[in-house]
Amino acid sequence: MKYVNKPVPKTDAMSLVTGKPVYTDDLAPSDCLIVKILRSPHANAWVEEIKTDAAKKIEGIACVLTYEDVSHKRFTLAGQTAPEISPWDRYIIDKHVRFVGDPVAIVAGETEEAVDKALKRIKVKYRVEEAVLDIHTAKDNPILVHPEDDWYMPVGGDNKRNLCSSNVEEVGDVDAMLEKCAYKVDQVYHTKANQQTMMETFRTYCYMDHFQRLTVVSSTQIPFHIRRIVGNALNIPSSKVRVIKPRIGGGFGAKQSSVSEVFPALVTWVTGRPSKIVFSRKESMIASSPRHEMEVHIRMGADENGIVKAIDLYTLSNTGAYGEHGPTTVGLSGHKSIALYRHTEAYRFAYDVVYTNMQAAGAYRGYGATQGIFAVESAADELAHKMGMDPVKFRELNMPMEGEALPGYPDVPINGSCTMDKCLARAKEMIGWDEKYPFRDMGNGKVRGVGIAMAMQGSSIAGIDVGGADIKLNEDGSYTLALGCSDMGTGCDTILAQMAADCLDTDMKNIVVFSVDTDISPYDSGSYASSTTY
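Rules of the game
Sequence order as written defines residue numbering, which begins from 1 separately in each chain. Restriction of local features to residues with pLDDT of at least 70 applies here, the model being predicted, together with a cutoff of 80 or more for giving and counting side-chain atom pairs; totals for whole chains, interfaces and linings are based on all residues. No hydrogens and no water enter the side-chain calculation; it runs on all heavy atoms of the structure. For helices the rule is a DSSP run of H or I covering at least 4 residues; for strands it is a run of E covering at least 2, with both sets numbered from the N terminus onward. The rule is simple: take the accessible area with a 1.4 Å probe, protein chains only, and divide by the maximum for that residue type; under 20% is buried, over 50% is exposed, in between is partly exposed. In protein, a polar contact requires one atom able to donate a hydrogen and another able to accept it; more generally it is a pair of N or O atoms within 3.5 Å, and residues adjacent in sequence count only if both atoms are side-chain atoms. Whether two strands pair comes down to DSSP finding at least two bridges between them. A carboxyl oxygen of Asp or Glu within 4 Å of a side-chain nitrogen of Lys or Arg is what we treat as a salt bridge. Think of it as the arc spanned by the lines of direction from the helix axis to the C-beta atoms. In this description, contact between two residues means that some pair of their heavy atoms is separated by no more than 4.5 Å.

**A short note on the environment of Arg299**
No. 1: Topologically, Arg299 is positioned in strand E13 (residues 293–302).
No. 2: Classification of Arg299 by relative accessible area gives partly exposed; the value is 23%.
No. 3: In this structure the side chain of Arg299 is engaged in a polar contact, spanning 2.6 Å, whose partner is the side chain of Asp175.
No. 4: For Arg299, the side chain forms a polar contact with the side chain of Asp312, separated by 2.8 Å.

See below:
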């Protein structure tokens with residue numbers, strides 16, 4: 001191979017280091033209307049009256065939009081392959097605001113100064129109600145985050161119980177097996193919500209083309225899903241929407257939801273004029289897509305030889321005010337953790353994903369697996385400690401092995417690809433585990449300990465997600481590589497160009513990489529779940 005597995009400059013390296021205009025806001029037309037959002041100061045309230053006349057009279061204001069101006073067909077912002085396993089529980093603007101930061105009005109104007117002035121002139125009368133803020137009391141609470149009758153979820157939810165999703169999966173008699181185990185742990189582990197802070201905040205600009213189609217240029221991981229989501233939000237055919245992805249300044253999963261796109265899309269659709277929105281850092285912190293808060297209760301049992309025989313795992317997940325990614329992230333908290341223990345003969349994985357009056361959660365690196373693995377691996381350490389067994393030895397006895405069972409994945413009876421044993425052996429050697437475990441006395445009043453944990457991760461969602469790439473031979477002998485996946489700093493544009501150059505036995509300079517445009521790029525589910533290069 002001439003290029004693969006060799007260090008090469010990134011395809012966009014010079015543009016980035018020389019400050020060329022490559023990001024969304026760099027490319028937005030100078031005549032774009034500036035779009036900003038008036039956000040709710042209350043966690044749970046109803047808009048009884050909203051007066052916008054004074055705001056509309058300010059010079060330079062193009063439009064002020066409220067719940068009266070949007071489609072009343074619910075949709076989801078989750079960037080998932082349709083049909084999305086997330087509830088359709090949103091309007092672009094709703095009369096019922098469900099967290100501090102929920103949109104109340106959209107203002108668009110010629111200048112930022114005019115828009116800021118107009119936001120202050122909007123007068124809103126709220127009927128404030130008690131909020132649901134504790135995940136432990138959310139389920140079956142008389143205060144409903146989503147009392148509406150047009151709420152829709154394809155599987156396992158009940159909005160009249162504040163349940164975004166709920167399910168129980170069980171194999172074998174877990175209680176009986178735990179009773180037989182010589183060693184048991186019973187613990188609860190809590191992980192808080194984490195916010196992601198990529199350098200480029202959420203931002204989008206939109207314009208109408210000469211065919212009167214809506215073009216959305218956005219910093220997103222999911223261009224093709226954005227096309228569908230914007231169509232659903234505006235209640236127009238997706239064929240009326242074109243999405244272009246420029247260079248992304250980081251995503252981490254936050255941009256696997258449509259956080260900013262629907263607002264300028266609505267403005268441009270209503271006014272016919274170009275418009276853009278750029279989230280402030282504060283908005284990106286309070287009204288975007290953080291990791292789900294989860295509490296995991298785990299019972300784990302092993303026999304006298306240290307072989308794990310039973311796992312009982314219950315996850316309580318906080319989806320916040322809306323449910324995008326709620327039903328799917330929680331699944332990984334159990335599936336990706338139970339599967340780490342191959343001898344498990346009985347397991348139960350139950351979960352409740354509850355609505356609260358907090359910022360809606362979403363995708364963030366690890367997508368629920370991080371929370372579940374933290375809990376299971378902590379319990380495993382406590383179990384090994386009870387036995388007086390080295391935690392590395394404990395995992396060597398129980399870890400996934402190629403050709404053996406993969407508990408928690410009934411559709412994958414045999415683990416076909418895994419070298420966890422080699423990985424752990426190498427990690428143990430690099431750490432110097434035998435010399436350092438359980439700790440070393442540093443001789444200065446301090447000790448330094450070591451720890452071990454296992455994790456597993458797949459690439460994409462099997463049987464659902466797809467990727468696409470087209471190569472065209474040009475008349476001068478060069479090639480155009482059209483990709484459907486979003487390079488968000490991960491370097492997939494460069495990596496795929498390396499592969500193409502080696503496969504075609506040509507100089508890498510002859511490969512022109514064309515990034516995502518939903519009108520002409522091959523379909524791709526998006527850049528998430530470790531699935532761009534692979």
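**Brief notes about the sheet that holds strand E2 (residues 45–51)**
Paired through backbone hydrogen bonds, the strands of a sheet run either parallel or antiparallel to each other.
No. 1: Taken in spatial order, the three strands of this open sheet run E4-E2-E6, and their pairing is antiparallel. This sheet does not close on itself; its edge strands, each paired only once, are strand E4 (96–97) and strand E6 (123–128).

**Points about the pattern of salt bridges**
No. 1: Here the structure, examined in full by the defined rule, presents 34 salt bridges.
No. 2: In this structure, Glu324 and Arg90 form a salt bridge, with 2.6 Å as the shortest nitrogen-oxygen distance. A residue pair is termed long-range when its members are at least 10 positions apart, and Glu324 in the loop between strand E14 (308–320) and helix H10 (326–338) and Arg90 in the loop between strand E3 (61–65) and E4 qualify at 234 residues. When sorted by exposure, Glu324 lands in the same class as Arg90, which is buried.
No. 3: Residue Arg299 is joined to Asp175 by a salt bridge in which the shortest nitrogen-to-oxygen separation is 2.6 Å. With Arg299 in strand E13 and Asp175 in helix H6 (residues 174–180), this pair connects stretches of sequence that are 124 residues apart.
No. 4: Linked by salt bridges that have partners in common, Arg74, Asp94, Arg98, Glu148 and Asp150 make up one network.

**As for the pairing of E14**
No. 1: Counting buried positions along E14 gives 12 out of 13 residues, so the element sits mostly inside the fold.
No. 2: Of the pairings in the sheet, the one linking E13 to E14 comprises 10 bridges and is antiparallel in character. Its bridge partner being in E14, Arg299 is matched across the sheet by Asp312.
No. 3: The antiparallel hairpin formed by E13 and E14 contains five residues in its connecting segment, where Gly306 sits at a positive phi of about 90°.
No. 4: Summarising the sheet, E14 and strand E15 (residues 346–355) pair through 10 bridges and their orientation is parallel.

**Quick look at helix H4 (residues 112–121)**
No. 1: When we look at burial in H4, the residues that qualify are Ala114, Val115, Ala118 and Leu119. Within H4, the buried residues cover an arc of 140° as seen down the axis, which keeps them to one side. Exposed side chains of H4 directed beyond 90 degrees from the buried face belong to Glu113 and Lys120.
No. 2: Turning to H4, the residues buried within the fold contact strand E1 (33–39), helix H3 (53–56), E3 and strand E5 (103–109).

Geometry only, nothing functional implied.
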